[in-house]
Amino acid sequence: MRSPGTLLLLLLLPTSLAFKPSDFKTCSQSGFCRRGRALAARAKENPSSWHSPYSIEPPEFLPLNPRQPGFTTSVRSSIHPNVKFVLDVRIHEEGIVRVRMDEEDGLRKRYNEAAQWALIGEPLLSEDVVWKMDEGKVKAVYGPKKDKVLVVDFNPLKITLFRAGVEQVVLNGRGLLHMEHFRTKEDSKPVEHIEGEGQSVLQVNPAAWFEGDTEDAFWDETFSTWTDTKPKGPESLSLDISFPNHAHVYGIPQHATNLSLPSTTGPTARYTDPFRLYNSDVFEYLADSTTSLYGSIPLMHAHSAKSTVAVFNALASETWIDIAHTGNSGVETHWISESGILDVFLLPGPTPTDVFAQYARLTGTAPLPAHWSLGYHQCRWNYVSSDDVRGVQSRFDEEDIPVDVFWLDIEYAEDHRYFMWNKKTFPDPVEMTKDVEAVERKMVIIVDPHLKRSNDYPVYKRASELGVLVKPKSGEGEYEGWCWPGSSSWIDFFHPGSWDFWISLFKTKTIDGQWSWTESTNNVGIWNDMNEPSVFNGPEITMPKDNVHYGGWEHRDVHNINGMLFANLTFQAAAARTDPPRRPFVLTRAFYAGSQRFGAMWTGDNLGTWEHMAVGIQMVLANGVGGMPFAGSDVGGFFGNPEPEMLVRWYVVGAFSPFFRAHAHIDTKRREPYLLEEPYKSLVRDILRLRYSMLPVWYTAFRETSESGVPILRPQYVMFPEDEAGFGIDDQYYVGSSGLLVKPVTQKGVKEVSVYIAEDQVYYDYFTNHAHRPKNRHITLPANLDQIPLLIRGGSIISTRERPRRSSPLMKHDPFTLRVALDTSGNARGELYLDDGETYGYGRGDVVWRGFGAESTKGKGKGKEIGTVRISSVDLATRTAVGAYDPTNEFARSVGDVRVEKLVVLGLGKKPLSVVLDGGRELEWEFMSEGGVLVVKDPAVRVVDDWAVVVKLE
C-alpha cells in the first residue's frame with residue numbers, strides 16, 4: 001500500500017505517469033536552438049554569398065618546425081573584430097585529431113572541463129606529423145601509410161580530414177561555425193549611424209546578415225512557468241560537421257529511433273526537430289522520436305563501404321543535432337550547443353573496429369563486470385518487505401527458475417531517506433540480505449541523488465555541514481527542489497569535498513564515528529536512478545539551468561555530466577568497501593561519454609508494448625556504438641501489463657542483451673516468471689536456462705570488449721563493414737566474436753522470420769543443428785513462440801555450461817560443452833575466458849583463457865573432401881600480455897578439475913572412422929548423418945590444459 005506522501009508526489013508529477021510533450025522543449029521553444037537553426041536557414045537562403053566570418057592567422061612557426069604535433073593561432077571574426085578567439089589543433093596517437101576553439105580574454109570564461117571528465121587522461125601527441133604550408137592553408141600529413149591529411153584553410157576557417165585523397169570529415173564547410181561571445185546588455189545595442197545633418201539616427205547591426213537582427217532570448221527565457229535568468233547572456237556554439245562520402249551515421253545516444261539515424265531536416269526529413277542531447281526524466285517516452293532521454297553521448301560514427309570515421313564533440317551542455325542525408329553519398333550535421341568551448345575529436349578509423357579502439361583510447365572501456373551481474377535480475381517497484389523478498393526467492397527455487405539478483409526500489413527507505421531502512425517493513429535488512437547471499441545470490445538497492453532536507457537524516461545533515469550541496473542561482477545557500485522525499489537537495493559531485501564523504505557512506509562498519517550504511521553488506525549492488533537529475537517541480541522535470549555548481553559554473557554548463565559523476569563516485573564507493581577491492585555493480589540511468597567505466601545502464605521507463613520492445617534493441621545497439629556496451633531494456637516494460645506472448649518474446653530480448661533485468665511499475669500486476677500460466681512459465685524458464693548456459697559466451701565477450709572497446713552486441717555494419725545492404729539493419733545482431741547471430745521476434749503472432757546473411761557461409765540452427773546455406777542472402781527460420789531465431793556462424797566454437805543451476809556462482813565447477821560449427825572450409829575457432837568473477841585478480845594473471853580451434857586437412861580422394869579434423873585447445877594467456885601470468889595460477893588451480901564433457905561437431909560431410917584423443921585413447925562418440933553432426937561424449941579433457949581430439953573421416 002502506498003504511503004500518503006507517495007500519493008502526494010505522484011499527484012505532483014507533471015507527466016501524470018505518461019509522456020507529455022508540453023513538459024519538454026522543442027527546438028522552437030529553445031532560444032539558442034532557434035538561433036542556430038535560423039543561422040542555418042540564412043545560409044541556405046543565400047548559398048552564393050554565404051561565407052563563414054571566421055578566419056585564422058597563418059601559424060608562422062610551422063615552416064620552421066614542421067614536425068610539431070599541432071599549432072595554436074588566433075581567430076578573427078569579421079562581424080566582431082574586437083572579440084578575440086584562439087584555435088588549437090593537435091594530432092594525437094592513432095591519428096586522432098583534436099580541434100579546440102575558445103574565446104580569449106573575454107568578459108567571462110566558457111566552460112572547458114567536459115573533456116576532463118570524459119577522458120581517461122590527456123591523449124598522447126603524435127610524433128609522426130609533417131606540416132606543409134600551402135597557399136591559404138596548412139596541411140598535416142601523417143599515419144603509417146602517410147595517407148591521412150589534415151587541411152586547415154585560413155579564410156574562411158575550415159578543417160578537413162582526408163584519407164587516401166578522399167574527404168572524411170569537414171568542420172565548418174557550410175559556414176555555420178558560430179561562437180556567441182560574452183557581452184553586456186549595453187554591448188548588445190546596435191551601433192548608431194547618422195546619415196547626415198538633420199537626418200534621423202539609424203540603428204545599424206553589421207552582424208545581422210549572419211546572426212540575425214533580433215536578440216532572441218539573449219538575457220532571459222521563459223518556458224511554461226519557469227524563467228531562466230541567463231546571467232551570462234548568450235554563449236551558444238554552432239558547428240556544422242559534414243561527412244561528404246558517408247551515407248550512414250550512428251550513435252549520439254540516447255534516443256528511441258533507428259540505429260542508422262534518420263534525417264531531421266531537408267527533403268528526406270523524418271522528424272521536424274533535431275536530435276536533442278539533454279539528460280531528461282521522461283515517463284513513457286515515445287518509441288520513435290528525437291526527444292532527449294536519460295543519457296547523452298556526443299559521439300557520432302559515419303560509415304560507408306569504404307571507411308568509417310567518427311566525431312566526439314566534448315560538450316556537456318544541452319545540444320541539438322540536425323541531420324540531413326544528401327542523396328546517397330553523404331550526411332550533413334549541425335550541432336547547436338548552449339554553452340562551452342569547441343572541443344572536437346576526429347577519429348579517423350578507417351574501420352569500425354579502429355574507431356571503437358580510438359574512442360576507447362580517449363574515454364576508456366567498460367571494465368570486466370562482476371560475473372553474477374550477467375545473470376538474471378528480478379526487480380519491481382517495489383518488493384514491499386523482508387518477507388516479500390524471501391518469498392520471491394523461495395518461489396524461484398520452488399519452480400526451479402534461475403535468478404542471480406533481487407532488487408529493491410525506493411520504498412525500502414524510510415521517508416525515501418536512502419541508506420535508511422523502513423523498519424516496519426524491513427526489520428532485519430542485513431539478515432534478509434544474507435539470506436539471499438546464502439544461496440550465492442545478490443541484492444541491488446536503489447540510492448538516488450536527491451536528499452531529504454531533514455536534520456534527522458544524517459546524509460543530508462553532513463552534506464549541508466560540508467557545504468557540498470548544489471546552490472541556487474544566487475550562489476548562496478542550498479538549492480531546494482522536490483523529488484520522492486518531498487523537499488530535497490542535491491550533492492554537488494563537482495565539489496571535491498563531496499567525494500570522500502560519499503565514499504564513506506557505503507562503509508559497512510563505522511569509521512571515526514561518522515555515520516555510514518552499516519545495515520548493508522559488502523556484496524550489495526547499487527542502483528543510481530533519477531540522476532539526470534530529476535526534479536519534479538523543476539523546468540523540464542530537472543534542475544534550473546542557472547543553479548550554481550563548484551567553481552561557479554552554472555548547471556547549464558555541466559548538465560549532461562552531472563549523472564555520470566554520481567555513478568562514478570558510487571562505483572568508487574562500492575569498490576572501496578573492501579580491501580582489496582572487489583568489482584562493484586552500479587546501474588545508472590543518466591550517463592555521458594566515459595560512463596562505461598562505471599557500470600551498466602538501462603533504457604529507462606519503457607512501456608509494455610511491441611514497439612518499445614523493438615526500439616529497446618535499437619537503443620542498446622546505439623549505446624554500444626556510443627561506447628557503453630553494458631546495457632539493456634527492462635523486460636516486459638516498466639509500464640503496463642504485457643500479455644503472455646509479449647512477455648515471452650521480451651524474455652528472449654533480455655536473454656540476448658548484456659544487461660538482463662525484468663522490472664515493473666508499482667501499479668502493474670506482478671509478473672514474476674513463476675506466476676505465469678503454462679506453457680508460458682516453462683517457456684520463460686527455458687529462456688532463462690539458455691541465458692545461464694551461455695554465460696561463458698557473454699563473459700568472454702565482455703573480456704574482449706574491456707580490451708578493444710568493440711561493443712558486445714554487434715550490428716551488421718560492424719561485422720560486415722563493406723556490405724551496404726546491412727548498414728541499416730538493426731533488428732538482428734551478433735554476440736561479440738562468438739559467431740552467435742540472433743533475431744528476436746518483436747511483433748505479435750509471428751510464425752517465421754527472415755534473417756539477413758551478408759556472406760557466402762554456412763550458418764547452423766543453434767537448437768536443431770540444421771545447416772543453412774543462404775539463398776539470396778536470407779535464411780527463413782521458424783519462429784513460433786517456443787522457438788528462438790538463433791544461428792551459429794560457420795567457423796565458430798561456442799562454449800556453454802548445460803547443467804541448470806539456481807544462480808550463476810553455483811556453476812563455477814560445472815563442465816563445458818563445445819559446439820564446433822565448421823565453416824565451408826572445415827575450420828572453426830573460438831575462445832573461452834574465465835576468472836574468479838569477483839576480484840581484480842585477473843590483472844595479475846589469475847585467469848584461464850583458452851583458444852579452441854578446428855583445422856581440417858584434405859583427404860586423398862579425387863574430390864579431396866575433408867579427411868581429418870583436429871580440434872584443439874591452447875593457452876591464449878601465454879601468448880598475450882596478461883599480468884604476470886602463470887598457467888598454474890591460483891584461479892587456474894581452483895578450477896583444475898573442470899572438464900569438457902561434450903564436443904558437438906557440426907558440418908561433417910560423412911561418418912568418422914575414428915575419434916581419438918591426440919596421443920591417447922579412442923573416445924566414445926555418435927554420428928547423426930542428417931546434418932552431419934558428431935557428438936563426442938565426455939572426452940575427459942580439462943579446460944585448463946592443452947589437448948587435441950582428432951576426427952578421422954577416411
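Refer to the preceding data block for the structure.
So, a few notes on the structure that sits alongside this text. (Residues numbered from 1 in each chain as written. Predicted model: local features only at pLDDT ≥ 70, side-chain atom pairs only at ≥ 80, totals over all residues. Heavy atoms only, no water.)

We now examine the overall build of the chain. Scanning the chain for helices and strands turns up 16 helices and 51 strands. The globule rule puts the C-alpha radius of gyration for 954 residues at 30 Å, and the 29 Å found for the chain is close to it. Along the first, second and third principal axes, the C-alpha atoms of the chain reach 110 × 75 × 55 Å. Residues counted as buried form 63% of the 954 residues belonging to the chain. A sequence separation of at least 24 residues applies to 71% of the contacts in the chain between residues at least 6 apart. Within the chain, the 124 negative side-chain charges are centred at a point lying 5 Å from the centre of the 101 positive side-chain charges. (Helix = DSSP H or I, 4+ residues; strand = E, 2+ residues; numbered from the N terminus. Rg over C-alpha atoms; globule rule 2.2 N^0.38 Å. Buried < 20%, exposed > 50% of the residue type's maximum accessible area, 1.4 Å probe, protein only. Contact = heavy atoms within 4.5 Å. Lys, Arg positive; Asp, Glu negative; His and termini not counted. Charge placed at Lys NZ, Arg CZ, Asp CG, Glu CD.)

Glancing now at the environment of Phe566. Inspection of the secondary structure assignment puts Phe566 in helix H10 (residues 555-575). Spatially, the C-alpha atoms of Phe566 and Phe598 are 9.9 Å apart, while their sequence positions differ by 32 residues. Contacts of Phe566, omitting those with residues within four sequence positions, involve Val447, Asp448, Pro449, Phe493, Trp502, Asn528, Asp529 and Asn531.

Along helix H7 (residues 429-437), the residues that are buried comprise Pro429, Val430, Met432, Thr433, Val436 and Glu437. Viewed along the axis of H7, the buried residues span an arc of 160°, placing them on a single side of the element. In this structure, the buried residues of H7 make contact with helix H6 (386-398), strand E24 (405-408) and strand E25 (442-446). (Arc of directions from axis to C-beta.)

This paragraph deals with the pairing of strand E45 (residues 848-858). Of all 11 residues making up E45, eight are buried, and the element is well covered by its neighbours. Two elements, strand E44 (residues 828-834) and E45, share seven bridges in a ladder whose sense is antiparallel. Across the sheet, Leu834 pairs through a bridge with Val848, a residue of E45. (Pairing = 2+ DSSP bridges.)

This part is about the sheet that holds strand E28 (residues 486-490). Reading across the sheet, the three strands line up as E26-E28-E27 and stay open at both edges, with antiparallel pairing between neighbours. Of all the strands in the sheet, the pair left with one neighbour each is strand E26 (450-452) and strand E27 (481-483). On average, each strand axis in the sheet is tilted by 60° relative to the strand beside it, whichever way the strands run. Relative to E28, E27 runs antiparallel, the two sharing three bridges. Counted as the bridge partner of Trp482 is Ser487 from E28. (Axes fitted to C-alpha atoms, helices over the stretch in contact; angles between N-to-C directions.)

Looking now at the sheet that holds strand E30 (residues 586-588). Pairing is parallel across the open sheet formed by eight strands, whose spatial order is E32-E31-E30-E29-E25-E24-E23-E33. Two strands close off the open sheet at either side, each with one partner strand: strand E32 (631-632) and strand E33 (661-662). Alignment of E24 against E25, held across four bridges, turns out to be parallel. Looking at E25, one finds that Val405 is bridged to Lys442. The sheet strands contacting H7 are E24 and E25, and the helix crosses E25 at an angle near 135°.

We now examine helix H12 (residues 644-655). An ideal rise of 1.5 Å per residue puts 16 Å on 12 residues; H12 measures up with 16 Å between its terminal C-alpha atoms. Where burial is concerned, most of H12 is hidden: 11 out of the 12 residues are buried. Listing the buried residues of H12 in full gives Glu645, Met646, Leu647, Val648, Arg649, Trp650, Tyr651, Val652, Val653, Gly654 and Ala655. Against the buried residues of H12 lie strand E23 (377-378), helix H11 (610-625), E33, helix H13 (680-693), helix H14 (695-708) and strand E35 (733-735). (Expected span 1.5 Å × (residues − 1).)

Residue Pro350 is bonded to the preceding Gly349 through a cis peptide linkage, with omega at 15°. Along the chain, Pro350 turns up in the loop between strand E22 (342-347) and helix H5 (352-363). Residue Asn382 is bonded to the preceding Trp381 through a cis peptide linkage, with omega at 15°. Here Asn382 lies in the loop between E23 and H6. Of note, Ala940 is a non-glycine position whose phi angle comes to about 55°, a positive value.

With that settled, consider the environment of Asn606. Here Asn606 is to be found in the loop between strand E31 (600-602) and H11. For Asn606, a relative accessible area of 1% gives the class buried. Here the alpha-carbon distance between Asn606 and Gly640, two residues 34 residues apart in the chain, equals 9.3 Å. Contacts of Asn606, omitting those with residues within four sequence positions, involve Tyr285, His612, Ser633, Asp634, Gly637, Phe638, Phe639 and Trp650.

Tyr412, Trp502 and Phe656 are the most contacted members of the largest nonpolar core, which has 217 residues in total. In this structure Trp502 touches Phe419, Val447, Ile491, Phe493, Phe566, Leu569, Thr570 and Ala573, once residues within four positions along its chain are discounted. Ranked by size, the runner-up nonpolar core spans 50 residues in total, among them Leu62, Phe85, Trp131 and Leu237. (Core = buried A, V, L, I, M, F, W, Y, C linked by side-chain atoms within 4.5 Å.)

The next thing to look at is the side chain of Ser280. Structurally, Ser280 is set in the loop between strand E17 (275-277) and strand E18 (299-303). A polar atom in the side chain of Ser280 sits 3.3 Å from the side chain of Ser292. If near-sequence neighbours (up to four positions away) are discounted, Ser280 is found in contact with Phe24, Ser292, Leu293, Tyr294 and Glu532. (Polar contact = N/O pair within 3.5 Å; in protein donor to acceptor, adjacent residues only side chain to side chain.)

For the rest of this paragraph, the subject is the state of the cysteines. Within this structure, the stated rule accounts for one disulfide. There is a disulfide in this structure between Cys27 and Cys33, and the S-S distance comes to 2.0 Å. Across the disulfide from Cys27 to Cys33, rotation about the S-S bond amounts to roughly -100°, and the bridge is consequently left-handed. Cys483 supplies the cysteine sulfur nearest to Cys379, a cysteine that is in no disulfide, at a spacing of 17 Å. Looking at Cys379, the relative accessible area reads 2%, which means it is buried. (Disulfide = S-S within 2.5 Å.)

Note that every value here comes from positions in space, so none of it alone points to a role or purpose.
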